[in-house]
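# Structural overview
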Amino acid sequence: MKKTFLVVFIGALLVLTLGACGGGNNNSDVHDSELSAEQLYGQSCASCHGMDLREGYAPDLDKIGSKYSSEEIEEIILNGKGSMPKGFLKGKDAKKVADWLATHK
């Protein structure tokens, strides 16, 4: 009985943990939204990277523009890198956020 509870608990915890990253973007089919780059970031990126670009558990992005160009950031957004999965943002939304992040130096 205790083993079953433990397995269910660990499974639920894993699902919640994996589901949290990138949460909030319920418009997965929209790739050219009217939202600002900051709003898109807040919906798709902040749960991992932090609203202030630093307070999340994922790498800090507050100076990402001094390391990567807008095109390189867009490539990371589109295709993922390391433990970051691909596809949180696509199309013009990915470019909009990449351009905005590139200004953070």
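Structure: see above.
So, here is what we can say about the structure in this document. Along every chain, residues carry numbers that run from 1 in the direction the sequence is written. Given that the model is predicted, a residue must reach a pLDDT of at least 70 before its local features are reported, and side-chain atom pairs must reach 80 or more before they are shown or counted; all residues, however, enter totals for whole chains, interfaces and linings. Water and hydrogen atoms play no part in the side-chain values, which are based on all heavy atoms of the structure.

### Let's talk about helix α5 (residues 91-102)
The terminal C-alpha atoms of α5 lie 17 Å apart, and with twelve residues this matches the ideal 16 Å at 1.5 Å per residue to within 8%. If you check which residues of α5 are buried, you get Asp93, Ala94, Val97, Ala98, Trp100, Leu101 and Ala102. What makes two residues a contact is simply this: any of their non-hydrogen atoms within 4.5 Å. In this description a helix means any DSSP run of H or I spanning at least four residues, a strand means any run of E spanning at least two, and both kinds are numbered starting from the N terminus. The secondary structure elements touched by the buried residues of α5 are α2 (37-44) and α4 (70-79). Expected span of a helix: the number of residues minus one, times 1.5 Å. Only protein chains enter the accessibility calculation, which uses a 1.4 Å probe; a residue whose area is less than 20% of its type maximum is buried, one above 50% is exposed, and one in between is partly exposed.

### Re the packing of α4 against α5
Each pair of packed helices gets described by two things: the angle between the helix axes and the distance between those axes. Interaxial distance between α4 and α5 falls to 8 Å at its minimum, and their mutual angle equals 130°. Taken together, the axis directions place α4 and α5 in an arrangement best described as oblique. With respect to the hand of their crossing, α4 and α5 are arranged in right-handed fashion. Together, Ser70, Ile73, Glu74, Ile77 and Leu78 of α4 and Gly91, Ala94, Lys95, Val97, Ala98, Asp99, Leu101 and Ala102 of α5 make up the contact between the two elements. The residue makeup of the contact of α4 with α5, split by class, is eight nonpolar, two polar and three charged. In this analysis, axes come from line fits to C-alpha atoms, helices being fitted only over the stretch in contact, and the angle between any two N-to-C directions falls in the range 0 to 180 degrees. Orientation is classified from the angle alone, with under 35 degrees giving roughly parallel, over 145 giving roughly antiparallel, 65 to 115 giving roughly perpendicular, and any other angle giving oblique. Working rule for handedness: look at the near helix, and if it is turned counterclockwise from the far one by less than a right angle, call the crossing left-handed; if clockwise, right-handed. Side-chain classes are defined by residue name, with Ala, Val, Leu, Ile, Met, Phe, Trp, Tyr, Cys and Pro counting as nonpolar, Asp, Glu, Lys and Arg as charged, and the others, Gly among them, as polar.

### A closer look at the environment of Trp100
With respect to the helices and strands, the residue Trp100 is situated in helix α5. The sequence separation of Trp100 and Ile73 amounts to 27 residues, and the corresponding C-alpha distance is 9.9 Å. Other than its neighbours up to four places away in sequence, Trp100 contacts Ala37, Glu38, Tyr41 and Leu53.

### Concerning the nonpolar core
Only buried residues count toward a nonpolar core, which is a set of Ala, Val, Leu, Ile, Met, Phe, Trp, Tyr and Cys residues joined through side-chain atoms within 4.5 Å. By size, the foremost hydrophobic cluster in this structure holds 19 residues, and its most contacted members are Tyr41, Ile73, Ile77, Leu89 and Leu101. Taken together, the elements giving at least two residues each to this core come down to α2, α4 and α5. Top contributing element to this core by residue count: α5, with six residues.

### A word on the packing of aromatic side chains
Only Phe, Tyr and Trp rings are paired, with Trp represented by its six-membered ring, and only when their centres lie within 6.5 Å; those with planes under 30 degrees apart are stacked, over 60 edge-to-face, the remainder tilted. Evaluation of the coordinates by the stated rule reveals one aromatic pair. Residues Tyr41 and Trp100 carry aromatic rings whose centres are separated by 5.5 Å and whose planes lie at 55° to one another, so their mutual orientation is tilted. Here the residue Tyr41 occupies a position in helix α2, and Trp100 occupies one in helix α5, the gap between them amounting to 59 residues.

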